[in-house]
Amino acid sequence: MKNRAILVSLAIAGALLAGAALWAARVFPAAPAAVLGAFGLAGGLLLLCALAELLSTRDLDPARRERDREDRDERGTMIRDKARARAGDVLLWLLLFGAGYLYFFDVPKRVNLTLLGLASVKLLLDWVFAAWYRRKF
Amino acid sequence: MNRTQKKRLFQILLAAGIVLLALALLLEGLVSDALGGMLCGVGSGLMAMSGSTLLNLRHEAKHPEMARQHDIEQRDERNVAIRNRAKAVSGEALQWSIMAAAWLSIGLDAPLWVPITATCVFVAKSVLELYLIVRYQREM
């Protein structure tokens, strides 16, 4: 029930965001189209994803429910966490090498600093979450 | 990798860091600022990382009980699960931060390749995650 309420709120928020972007595009024609387009797209995606979850027939299929249960058990959770951790490590190294590679090209310095900043935040979050989970479990 | 091999590797990396830093100082003015900066940065990074690891290894050699305890803790199932969960969550946060940076770059009139690259990185990470899930389900 709580999930349903959250999903309905997200669908309404998405619809309002998309509607606001369309309204702003009409009322403020001089506004940058890219910004309004980004907000409109975000609102549309939020609305569609929330509707997809609300109208899903996943829980009606017993085989699907069984598969979901297997995915959420201890082994499934461990596998998913390991896969996400390795993929996150690859992403981290991609950011670091990307920052190094772009250093030699004529890109604004803020791009490099953004990439390095994101990598540093990721490492800090690794440490923070590890400490938090160690206390929790 | 045992302790001796690790010690040898980091001694080599320390030497490489010193060489790169020395090159950065000697070649100042002869190479571009970008290359000099890169040599300096990589050299300093290698020196710092290798230096701290070698000091750690030396401390562990003097206190073998502590080293054994540290090894056990590193390989303990609970600690491995905790580290993986922490990295998974922070990796997810990083992935969505990259998307947020892509949205921001659209509003800041950045070149088109910036949001496109960020989106491709986002999708590639998701695909890699799915591939690894399937692979680990077979292996484990």
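Each residue is numbered by its place in its chain's sequence as written, counting from 1. Each chain is given a letter, starting from A, and each ligand a number, starting from 1, according to the order in which they appear as written. Per-residue local features are limited, in this predicted model, to residues with pLDDT of at least 70; the limit for side-chain atom pairs, both in listing and counting, is 80 or more; totals at the level of whole chains, interfaces and linings are taken over all residues. With hydrogens and water stripped out, all remaining heavy atoms of the structure feed into the side-chain values.

**Let's talk about the overall build of chain A**
Point 1. Helix numbering and strand numbering both begin at the N terminus, where a helix is a DSSP run of H or I of at least 4 residues and a strand a DSSP run of E of at least 2. For chain A, the helix and strand inventory stands at five helices and zero strands.
Point 2. The order of α-helices and β-strands along chain A, N terminus first, is α-α-α-α-α.
Point 3. Taken across its 137 residues, chain A has 28% of its residues classed as buried.
Point 4. Two residues form a contact once any of their heavy atoms are found within 4.5 Å. Within chain A, counting contacts between residues at least 6 apart in sequence, those at least 24 apart form 49% of the total. To sort residues, take the accessible area from a 1.4 Å probe on protein chains only and compare it with the maximum for the residue type: under 20% means buried, over 50% means exposed, and anything in between is partly exposed.

**Some thoughts on the overall build of chain B**
Point 1. Along chain B, the regular secondary structure elements total five helices and zero strands.
Point 2. Listed N to C, the secondary structure of chain B is α-α-α-α-α in terms of helices and strands.
Point 3. Burial statistics for chain B: of 140 residues in total, 26% are counted as buried.
Point 4. The contacts in chain B between residues at least 6 apart in sequence include a share of 55% that link residues at least 24 apart.
Point 5. In this description, accessible areas are obtained by the Shrake-Rupley approach with a 1.4 Å probe, and a residue is regarded as covered only by the protein chains that are shown. Counting only carbon and sulfur atoms, one obtains 66% of the accessible surface of chain B, whose full area is about 9,200 Å².

**Details of the nonpolar core**
Point 1. Residues belong to a common nonpolar core when they are buried Ala, Val, Leu, Ile, Met, Phe, Trp, Tyr or Cys residues joined through side-chain atoms within 4.5 Å. Leu91, Leu95, Leu102, Leu115 and Leu118 of chain A together with Leu94 and Ile98 of chain B are the most contacted members of the largest nonpolar core, which has 13 residues in total.
Point 2. Among the secondary structure elements, those contributing two or more residues to this core are helix H4 (74-103) and helix H5 (109-136) of chain A together with helix H4 (77-107) and helix H5 (113-139) of chain B.
Point 3. Broken down by element, this core gets its largest block of residues, four residues, from H4 of chain A.
Point 4. If near-sequence neighbours (up to four positions away) are discounted, Leu115 of chain A is found in contact with Leu95, Gly98, Ala99 and Leu102 of chain A.

**So, a negative patch on the surface**
Point 1. Each patch is built from residues that are more than 30% exposed by relative accessible area and take part in no salt bridge. Like charges join if they lie within 9 Å; nonpolar side chains (Val, Leu, Ile, Met, Phe, Trp, Tyr) join within 5 Å. Definition used for salt bridges: Asp or Glu carboxyl oxygen within 4 Å of a side-chain nitrogen of Lys or Arg. In this tally, Lys and Arg are treated as positive and Asp and Glu as negative; His is ignored, and so are the chain termini. Note on charges: their place is set at NZ of Lys, CZ of Arg, CG of Asp or CD of Glu. A surface patch of negative charge is lined by Glu70, Asp71, Asp73 and Glu74 of chain A together with Glu73, Asp76 and Glu77 of chain B.
Point 2. Within the fold, Glu77 of chain B resides in helix H4.

**Some details on the interface of chain A and chain B**
Point 1. The interface is formed by 39 residues belonging to chain A together with 35 residues belonging to chain B.
Point 2. For the pair chain A and chain B, the two sides together bury roughly 3,700 Å², of which 74% comes from carbon and sulfur.
Point 3. Counting across the interface, chain A meets chain B through three salt bridges.
Point 4. Across the pair Asp81 of chain A and Arg85 of chain B runs a salt bridge, and its minimum N-O distance is 2.7 Å.
Point 5. For this analysis, a polar contact is any N or O atom pair within 3.5 Å, provided that within protein one partner can donate a hydrogen and the other can accept it, and provided that sequence-adjacent residues contribute only side-chain to side-chain pairs. Counting across the interface, chain A meets chain B through seven residue pairs in polar contact (both at pLDDT 80 or more).
Point 6. Of all the secondary-structure elements, those providing two or more residues to the side of chain A that touches chain B are helix H2 (33-54), H4 and H5 of chain A.
Point 7. It is H4 of chain A that provides the largest number of residues to the side of chain A that touches chain B, a total of 22 residues.
Point 8. Note on residue classes: Ala, Val, Leu, Ile, Met, Phe, Trp, Tyr, Cys and Pro are nonpolar, Asp, Glu, Lys and Arg are charged, and everything else, Gly too, is polar. When grouped by side-chain class, the residues that make up the side of chain A that touches chain B number 25 nonpolar, three polar and 11 charged. Here's the idea: put two parts together, see how much 1.4 Å probe accessible area each one loses, and the total over both is what we call buried area.

**Focus on the pattern of salt bridges**
Point 1. The full count for this structure, using the stated rule, is 12 salt bridges over all chains.
Point 2. Lys87 of chain B is paired through a salt bridge with Asp89 of chain A; the nearest N and O atoms lie 3.3 Å apart. In this pair, Lys87 of chain B sits in helix H4 while Asp89 of chain A sits in helix H4, so the two residues belong to two different chains.
Point 3. On the basis of relative accessible area, Lys87 of chain B is assigned to the partly exposed category, the value being 24%.
Point 4. Between Lys125 of chain B and Glu129 of chain B there is a salt bridge, and its shortest N-O distance comes to 2.8 Å. Of this pair, Lys125 of chain B and Glu129 of chain B both sit in helix H5, separated by four residues, roughly a single helical turn.
Point 5. Classification of Lys125 of chain B by relative accessible area gives buried; the value is 3%.

**Considerations on the packing of aromatic side chains**
Point 1. Note on ring pairs: Phe, Tyr and Trp rings are taken, using the six-membered ring of Trp, and paired if centres are within 6.5 Å. Classes follow the plane angle, with under 30 degrees stacked, over 60 edge-to-face and the rest tilted. A complete count under the given rule lists six aromatic pairs over all chains for this structure.
Point 2. On the numbers, 6.1 Å between centres and 35° between planes, the contact of Trp93 of chain A with Phe97 of chain A is tilted. Residue Trp93 of chain A and its partner Phe97 of chain A are both found in helix H4; the two are separated by four residues, about one turn of the helix. Both residues of the pair, Trp93 of chain A and Phe97 of chain A, count as exposed.
Point 3. Among the aromatic side chains, those forming a connected cluster through ring pairs are Phe129, Trp132 and Tyr133 of chain A.
Point 4. The ring of Tyr136 of chain B is capped by Lys82 of chain A, whose NZ or CZ atom sits 4.5 Å from the centre of that ring.
Point 5. Just above the ring of Tyr133 of chain A sits the side chain of Arg85 of chain B; from NZ or CZ to the centre is 5.6 Å. Two conditions define a charge sitting above a ring: the NZ of Lys or the CZ of Arg must be within 6 Å of the ring centre, and it must be within 35 degrees of the ring normal.

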